[in-house]
Amino acid sequence: MTRIKITSGKFTFIGKLEEEQCPKTCEWFLNLLPYQETMIHVSWSGQASFIRLQDLGHGVPFECATSRPSKGEVLMYPGNIPTLQMGGEIFLPWGGNVFACPNGNLVGNHFMTIIEGNEHLDEFGRTVHLQGGQEIVFEKLD
């Protein structure tokens, strides 16, 4: 099991990569690490935050895709659907949500699940929502 440390301000989470169900997405993600970016609140999807990937994920295939992740189930949207003309995302739900954009529902690869720190996801999500973008760092633990 590959574990990922996720740090943002006073918040620390541990995620496990879903390598059996999303091997290509996990391989792509591991090649980014360590990865630092700004996480912002979603506009259309409910209680979730996301990172804009622009074209970083183009070429990653859809695998184990869903539009209704549970709290702590991290998605990666490759952003390679030309008709939507939008880049990819890393999507982190902290409550009720449906992964969507102005054109309707999207699907993303459920490539990581938060396994430690879930009890702080609500507070983290509210911080991003009310205080704006938060720096976040992903690092491999194992």
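Everything discussed here concerns the structure shown above.
Model, not experiment: these values are computed from the prediction. (Residues numbered from 1 in each chain as written. Predicted model: local features only at pLDDT ≥ 70, side-chain atom pairs only at ≥ 80, totals over all residues. Heavy atoms only, no water.)

## Notes on the pairing of strand S10 (residues 108-116)
Quick reminder of the rule: The rule is simple: take the accessible area with a 1.4 Å probe, protein chains only, and divide by the maximum for that residue type; under 20% is buried, over 50% is exposed, in between is partly exposed. A run of DSSP states H or I qualifies as a helix once it reaches four residues; a run of E qualifies as a strand once it reaches two. Both are numbered from the N-terminal end. Note: two strands are recorded as paired if DSSP finds a minimum of 2 bridges between them.
Across the nine residues that make up S10, a large majority, seven, are buried. Across four bridges, strand S2 (residues 11-17) lies against S10 in antiparallel orientation. Counterpart to Gly15 in the pairing with S10 is Ile114. Alignment of strand S5 (residues 65-66) against S10, held across two bridges, turns out to be antiparallel. Across the sheet, residue Thr66 finds its bridge partner in S10, namely Gly108.

## As for unusual backbone geometry
Residue Pro34 follows Leu33 across a cis peptide bond; omega there is -10°. Along the polypeptide, Pro34 turns up in the loop between helix H1 (23-32) and strand S3 (35-41). Not every positive phi belongs to a glycine, and Gln54 is a case in point at roughly 55°. Here Cys64, not a glycine, exhibits a phi torsion of approximately 50°, which is positive. Along the chain, Cys64 turns up in the loop between strand S4 (46-54) and S5. Its relative accessible area of 29% is what places Cys64 among the partly exposed residues.

## Re the environment of Pro78
Structurally, Pro78 can be placed in the loop between strand S6 (73-77) and strand S7 (88-97). Its relative accessible area of 0% is what places Pro78 among the buried residues. Note: C-alpha distance between Pro78 and Asp55 (23 residues apart in sequence) is 7.7 Å.

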